[in-house]
Amino acid sequence: MASWCVRAVRQSYSLVASPALIRASPRLLCTATQQKNGHGSEEEAEKPEQSGAEKVLMEEKTQLEEQLKDMTEKYKRALADTENLRTRSQKMIEDAKLYGIQGFCKDLLEVADILEKATESVPKEEVTSQNPHLKNLYDGLVMTEVQIQKVFTKHGLVKLNPDGQKFDPYEHEALFHAPVDGKEPGTVAIVTKVGYKLHGRTLRPALVGVAKAP
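Quick caveat: nothing in here was measured; it's all calculated off a predicted structure. Numbering of residues begins from 1 in every chain and follows the order in which that chain's sequence is written. Thresholds applied to this predicted model are a pLDDT of at least 70 for local features of residues and 80 or more for the giving and counting of side-chain atom pairs; totals over whole chains, interfaces and linings are not thresholded and use all residues. Just so you know, side-chain values use all the structure's heavy atoms and leave hydrogens and water out.

Draft legend 1. Quick look at the overall build of the chain. When its secondary structure is counted, the chain shows four helices and six strands. For each residue, the accessible area found with a 1.4 Å probe, counting protein chains only, is set against the maximum for its type, and the residue is called buried under 20%, exposed over 50%, and partly exposed in between. Sorting the 214 residues of the chain into buried and exposed places 17% on the buried side. For this analysis, residues touch if any pair of their heavy atoms sits within 4.5 Å. Counting only contacts in the chain whose residues sit at least 6 apart along the sequence, the fraction spanning at least 24 positions is 63%. Only the protein chains shown count as cover for residues, and the accessible areas themselves come from Shrake-Rupley with a 1.4 Å probe. Accessible surface for the chain amounts to roughly 16600 Å². Of this, 59% is attributable to carbon and sulfur atoms. Starting at the N terminus, helices and strands are each numbered in turn, a helix being any DSSP run of H or I of at least four residues and a strand any DSSP run of E of at least two.

Now the structure itself:
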């Protein structure tokens, strides 16, 4: 049994120390080194390709971002223009409703002026029950004038009688400037023709005389 163990050990040592095996080891090491170097070369060859693809993708991304930004700005501008157009259109519609009767009102102002002059021209001392015809005519004129002023007010037409008020060039038209006793300079001293405003807009300025310092 001992002699068999000794022979087995000697054979194993002979196999390990075999010259063929020793000569084959460097070849195996060279092959492994070549395989490793081959894989490294492939990876290095793939890196430029990957870098080029990434560069192209980044350029496309930048272009798309710029296009998105440009389209967003155009959309915002178009939206703002549409809103401005809608606002202007709405304002035009509202103005048309308010001031569409402007021409008609100007024509009626002449009628109101005639009625006012007619009532002012009647001597008040003559308007008595002893003169019924004149009294009835005068009362009719006064009632007509009152009624037409009610209609004016209903439609936003307001009379301007600025006697004693400070002169306003947006509402008054000065015919002359003259010193007037009891009137402060720059105030309306005389109203020769009343004015009118339609919904806050001056339809006809009042014709006035303005007091000035002596």
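Draft legend 2. Fine view of the nonpolar core. We define a nonpolar core as any set of buried Ala, Val, Leu, Ile, Met, Phe, Trp, Tyr and Cys residues linked to one another through side-chain atoms lying within 4.5 Å. Ranked by size, the top nonpolar core spans 13 residues in total, and within it Leu109, Phe152, Leu157, Tyr196, Leu198 and Leu203 carry the most contacts. For this core, the secondary-structure elements that each account for two or more residues are α3 (102-121), α4 (132-154) and β4 (195-198). Once residues lying within four places of it in the same chain are set aside, the contact partners of Leu109 are Phe152, Leu157, Tyr196, Leu203 and Arg204.

Draft legend 3. Representation of the pattern of salt bridges. The rule for a salt bridge is simple: a side-chain nitrogen of Lys or Arg has to be within 4 Å of a carboxyl oxygen of Asp or Glu. By the definition in use, this model includes eight salt bridges. With its nearest N and O atoms 2.8 Å apart, the salt bridge here joins Glu83 to Arg86. Of this pair, Glu83 and Arg86 both sit in helix α2 (residues 19-99), three residues apart, which is roughly one turn of that helix. The residue Arg204 makes a salt bridge to Asp113 at a minimum N-O spacing of 2.7 Å. Taken as a pair, Arg204 in strand β5 (residues 201-204) and Asp113 in helix α3 lie far apart in primary sequence, 91 residues in all. Through salt bridges that share partners, Asp113, Lys193 and Arg204 make up one connected network.

Draft legend 4. Representation of the UniProt feature "coiled-coil region" (unreviewed entry) in the chain within the structure. UniProt positions are given in the numbering used here, feature names are shortened, and annotations may be inferred rather than shown by experiment. Following the UniProt record, one finds the feature "coiled-coil region" (unreviewed entry) at residues 54-88. Between the end C-alpha atoms of residues 54-88 the distance is 51 Å, and the span holds 100% helix and 0% strand.

Draft legend 5. Here's a closer look at the sheet that holds strand β6 (residues 206-211). Overall, mixed pairing links the three strands, which are arranged β2-β6-β3 in an open sheet. Whereas interior strands pair on both sides, the edge strands pair on one side only; in this sheet they are β2 (172-178) and β3 (188-193). Each strand of the sheet is rotated relative to its neighbour by a mean of 30 degrees, with strand direction disregarded. Sheet topology note: the β2/β6 ladder contains six bridges and is parallel. Its bridge partner lying in β6, Phe176 is registered against Gly209. Only strands that DSSP links by at least two bridges are regarded as paired with each other. To obtain an axis, a line is fitted to C-alpha atoms, over the contacting stretch when the element is a helix, and the angle between two such axes runs from 0 to 180 degrees between their N-to-C directions.

Draft legend 6. Layout of the packing of α3 against α4. One way to put it is that α3 packs onto α4 with a least axis distance of 9 Å and a crossing angle of 145 degrees. Taken as a pair, α3 and α4 cross one another with a handedness that is left-handed. Residues Leu108, Leu109, Val111, Ala112, Leu115, Glu116, Ala118 and Thr119 of α3 lie in contact with α4, whose contacting residues are Tyr138, Leu141, Val142, Thr144, Glu145, Ile148, Gln149 and Phe152. For the contact of α3 with α4, the residue count by class is eleven nonpolar, three polar and two charged. By definition, turning the near helix anticlockwise from the far helix through less than a right angle yields a left-handed crossing, and turning it clockwise yields a right-handed one. Three residue categories are used. Nonpolar comprises Ala, Val, Leu, Ile, Met, Phe, Trp, Tyr, Cys and Pro, charged comprises Asp, Glu, Lys and Arg, and polar comprises the others, including Gly.

Draft legend 7. Up close: a nonpolar patch on the surface. For patch detection, residues must exceed 30% relative accessible area and be free of salt bridges, and they are connected within 9 Å for like charges or within 5 Å for nonpolar side chains (Val, Leu, Ile, Met, Phe, Trp, Tyr). The grouping of Leu175, Phe176 and Ile190 at the surface amounts to a nonpolar patch, some 250 Å² of accessible area in total. You can see Leu175 is positioned in strand β2. Take Leu175: its relative accessible area is 46%, and that puts it in the partly exposed class.

Draft legend 8. Seen up close, α4. To estimate the expected span of a helix, count its residues, drop one, and scale the result by 1.5 Å. Helix length check: α4 (23 residues) gives 33 Å between terminal C-alpha atoms against 33 Å at 1.5 Å per residue, within 8%. Of all the positions in α4, only Tyr138, Leu141, Glu145, Ile148, Gln149 and Phe152 are classed as buried. Phi for Gly156, located one or two positions after α4, is positive at around 85 degrees.

Draft legend 9. View of the confidence of the model for the chain. With 77% of its residues at a pLDDT of 70 or more, the chain has an overall mean of 80. What pLDDT reports is the predictor's confidence in each residue, on a scale of 0 through 100. Confidence drops under pLDDT 50 across residues 12-30; counting only partners more than four residues distant or on other chains, this segment forms three contacts.

Draft legend 10. Just the side chain of Glu171, in detail. With respect to the helices, strands and loops of the structure, Glu171 is situated in the loop between β1 (157-160) and β2. We call two N or O atoms a polar contact when they sit within 3.5 Å, provided that within protein one can donate a hydrogen and the other can accept it, with sequence-adjacent residues counted only if both atoms are side-chain atoms. At a separation of 2.9 Å, a polar atom in the side chain of Glu171 contacts the side chain of Lys197. If near-sequence neighbours (up to four positions away) are discounted, Glu171 is found in contact with Leu160, Lys197, Thr202, Pro205 and Ala206.

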